[in-house]
Amino acid sequence: MPVAVGIGLTNECNLACPHCYRPTLTQQRLSVPEVETILDNLDVGSVNLGVGENGVHPEYRDMLALFRERNVKTAITSNGYSLDMLSDEELSAFHSVELSFDFPTKKEMDEFRGEGSWEMASESVERCLRLGIPTSVAAVMMNTNYDKIGDTARFAFGLGCDLRVNVYQPVTGEEFTLSYEQFWRGFANLFAAGPVVVCSEPLVNAVMGLESSRGSPCGTRSIRALPAGTISPCPYWPAAAGIIPHLAGNGRDIWKSREFEKSRRVPEACEPCRFVESCAGGCASRRAIRNNIEQPDEYCPVVRGGEEEVRRIREMLRYTLSDPSDVPKAGNACTTVITTAEAAPSQ
Ligand SMILES: C[S@@+](CC[C@H](N)C(=O)[O-])C[C@H]1O[C@@H](n2cnc3c(N)ncnc32)[C@H](O)[C@@H]1O
């Protein structure tokens, strides 16, 4: 089965955002042969470039040429830097691009990401749209912006883009961690802003009543190659499952490695739950980061207050679907996308 491969060519970045999960203690870069090993040995359905700002890698353009030669569907998440440096032809080869905006105003974004970050990302969005490249805005939902996520969505819609939202993962610290109430309030704010295209955050998917996810996609339908040359089920996963050379030959099946198996583990306490099929314990990385892989997701309303709490949260989450027939295919990372497109009739 073709898999979505997340690749981080480098952990380096032109910015130093305070919430970022990328490792910063040493410089890490993948080599061209390592990327070739990935393409030669995995059934690569698509590649998404992330982790650091990929354009900082000295062989970034050679890597993009390699993806083009191999006809690999390639997407990138960027702050604009890695897009600005490309020719129109190179840029247009991306299947899609995402520009990161964590706040809906220049002032807030420049304060958070650094002076000039708003302008750099805005110029890139405009250029990508002009070139006709599918372009979306990516935002991380944190305790500092969950109440502004609707404004961020409206900002994205104003540009003509969908908004992709990932929940903050406490990889490097708790400063931006959402409380239980902020997590659900943030999703309610998000869903009030526009129709949902995809929600593969397993807990939210289940509680929304979609029940179209099958636990975290990481470790089953998606795999990450990190700049240190390691393989892991998810970019936030706290341990390496193996190294890139393990993908070559038949010496080792990475999908059966201890870390991948751990990422698919359903906590015992979740087994009797009516949502277990779709939720499977929620985000495995969040549980693993906290050394709580055997416990349900910390944002679980069933654990918090049983059926009554599930009803309260459902009441809060008023959503519309952009195209209900699309949602079952929902995505290959724990993510939520809302769109500028017309909403389907309300739920
Ligand atoms: C790690 S960055 C790499 C690409 C590029 N430098 C950028 O800013 O988009 C990719 C995305 O991950 C998000 N991100 C960073 N740290 C995160 C965290 N701890 N939890 C969730 N998402 C995070 C960023 O905001 C960005 O949208």
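Residues numbered from 1 in each chain as written. Predicted model: local features only at pLDDT ≥ 70, side-chain atom pairs only at ≥ 80, totals over all residues. Heavy atoms only, no water.

(A) View of the overall build of the chain. Across its full length, the chain holds 13 helices and eleven strands. Taken over C-alpha atoms, the radius of gyration comes to 19 Å for the chain, in line with the 20 Å a tight globule of 347 residues would show. With 347 residues in all, the chain has 56% of them scored as buried. Restricting to contacts in the chain with at least 6 residues of sequence separation, those with at least 24 account for 70%. Accessible surface computed for the chain: about 14,700 Å², of which carbon and sulfur atoms make up 48%. Counting 34 positive and 46 negative side-chain charges, the chain places the averaged centre of each group 4 Å from the other. (Helix = DSSP H or I, 4+ residues; strand = E, 2+ residues; numbered from the N terminus. Rg over C-alpha atoms; globule rule 2.2 N^0.38 Å. Buried < 20%, exposed > 50% of the residue type's maximum accessible area, 1.4 Å probe, protein only. Contact = heavy atoms within 4.5 Å. Areas by Shrake-Rupley, 256 points an atom, 1.4 Å probe, with all protein chains shown as cover. Lys, Arg positive; Asp, Glu negative; His and termini not counted. Charge placed at Lys NZ, Arg CZ, Asp CG, Glu CD.)

(B) Fine view of the site of the ligand. As a structural note, the neighbourhood of the ligand is formed by 18 residues, with His 19, Glu 53, Ser 100, Arg 113 and Gln 169 the closest of them. Interatomic distance of 2.9 Å between a side-chain N/O atom of Arg 113 and an oxygen atom of the ligand. With respect to the ligand, the backbone of Gln 169 contributes an N or O atom lying 3.0 Å from a nitrogen atom. For the ligand, the protein covers 95% of the area, taking 540 Å² as the surface of the free molecule. Residues belonging to the shell around the ligand are distributed by class as follows: eight nonpolar, seven polar and three charged. (Near = heavy atom within 4 Å. Polar contact = N/O pair within 3.5 Å; in protein donor to acceptor, adjacent residues only side chain to side chain. Nonpolar A, V, L, I, M, F, W, Y, C, P; charged D, E, K, R; others polar.)

(C) Broad picture of helix 5 (residues 106-113). For helix 5, the full list of buried residues reads Met 109, Asp 110, Phe 112 and Arg 113. Each buried residue of helix 5 sits inside an arc of 165° when the element is viewed along its axis, so together they form one side. Looking at helix 5, the residues exposed on the side facing more than 90 degrees away from the buried face are Lys 107 and Glu 111. Of the surrounding elements, those touching the buried residues of helix 5 are strand 4 (96-100) and helix 6 (117-130). Two residues or fewer after helix 5 comes Gly 114, characterised by a positive phi angle close to 115°. (Arc of directions from axis to C-beta.)

(D) Fine view of the packing of aromatic side chains. This model, assessed by the stated rule, comprises 13 aromatic pairs. Taking the centre distance of 4.9 Å and the plane angle of 80° together, the rings of Phe 183 and Trp 184 count as edge-to-face. The exposure classification of Phe 183 matches that of Trp 184, with both residues buried. In this structure an aromatic cluster arises from ring pairing among Phe 183, Trp 184, Phe 187, Phe 191, Tyr 299 and Tyr 319. The ring of Tyr 180 is capped by Arg 304, whose NZ or CZ atom sits 3.9 Å from the centre of that ring. (Phe/Tyr/Trp six-rings, centres within 6.5 Å; stacked < 30°, edge-to-face > 60°. Lys NZ or Arg CZ within 6 Å of the ring centre and 35° of its normal.)

(E) Here's a closer look at helix 6. Taking 1.5 Å per residue, 14 residues should reach 20 Å; helix 6 reaches 20 Å between its end C-alpha atoms and fits that length. When we look at burial in helix 6, the residues that qualify are Ser 117, Trp 118, Met 120, Ala 121, Ser 122, Ser 124, Val 125, Arg 127 and Cys 128. Each element contacted by the buried residues of helix 6 is listed here: helix 3 (81-84), helix 4 (88-92), strand 4, helix 5, strand 5 (135-141) and helix 7 (149-159). Backbone geometry just after helix 6 places Gly 132 at a positive phi near 80°. (Expected span 1.5 Å × (residues − 1).)

(F) Inspection of the pairing of strand 6 (residues 162-167) at higher detail. Side chains Leu 163, Val 165 and Val 167 project from strand 6 onto a buried face, and the interleaved Asp 162, Arg 164 and Asn 166 project onto a face without burial. Relative to strand 6, strand 5 runs parallel, the two being bridged by six bridges. In the sheet register, Ser 136 faces strand 6, and the bridge partner there is Asp 162. Here strand 6 pairs with strand 11 (residues 336-338) via three bridges, running antiparallel. The partner of Arg 164 across the bridge, within strand 11, is Val 337. (Pairing = 2+ DSSP bridges.)

(G) View of the packing of helix 7 against helix 8 (residues 180-193). Orientation of helix 7 relative to helix 8, taken along the N-to-C sense of each, is 30°, at an axis distance of 8 Å. As summarised for this structure, helix 7 and helix 8 are arranged roughly parallel, according to the angle between their axes. Viewed along their axes, helix 7 and helix 8 form a crossing whose handedness is right-handed. The segment helix 7 lies against helix 8, with Ile 149, Gly 150, Ala 153, Arg 154 and Phe 157 engaging Gly 186, Asn 189, Leu 190 and Ala 193. Across the contact of helix 7 with helix 8, the residue classes tally to five nonpolar, three polar and one charged. (Axes fitted to C-alpha atoms, helices over the stretch in contact; angles between N-to-C directions. Parallel < 35°, antiparallel > 145°, perpendicular 65-115°, else oblique. Left-handed = near helix turned anticlockwise from the far one by under 90°.)

(H) Main features of the side chain of Arg 22. Considering the arrangement of structural elements, one finds Arg 22 in the loop between strand 1 (3-7) and helix 1 (32-41). Buried and unpaired, Arg 22 has Glu 12 as its nearest opposite-charge partner, separated by 8.1 Å. A polar contact of 2.7 Å, which involves the side chain of Arg 22, links it to the backbone oxygen of Asn 11. (Salt bridge = Lys/Arg side-chain N within 4 Å of Asp/Glu carboxyl O.)

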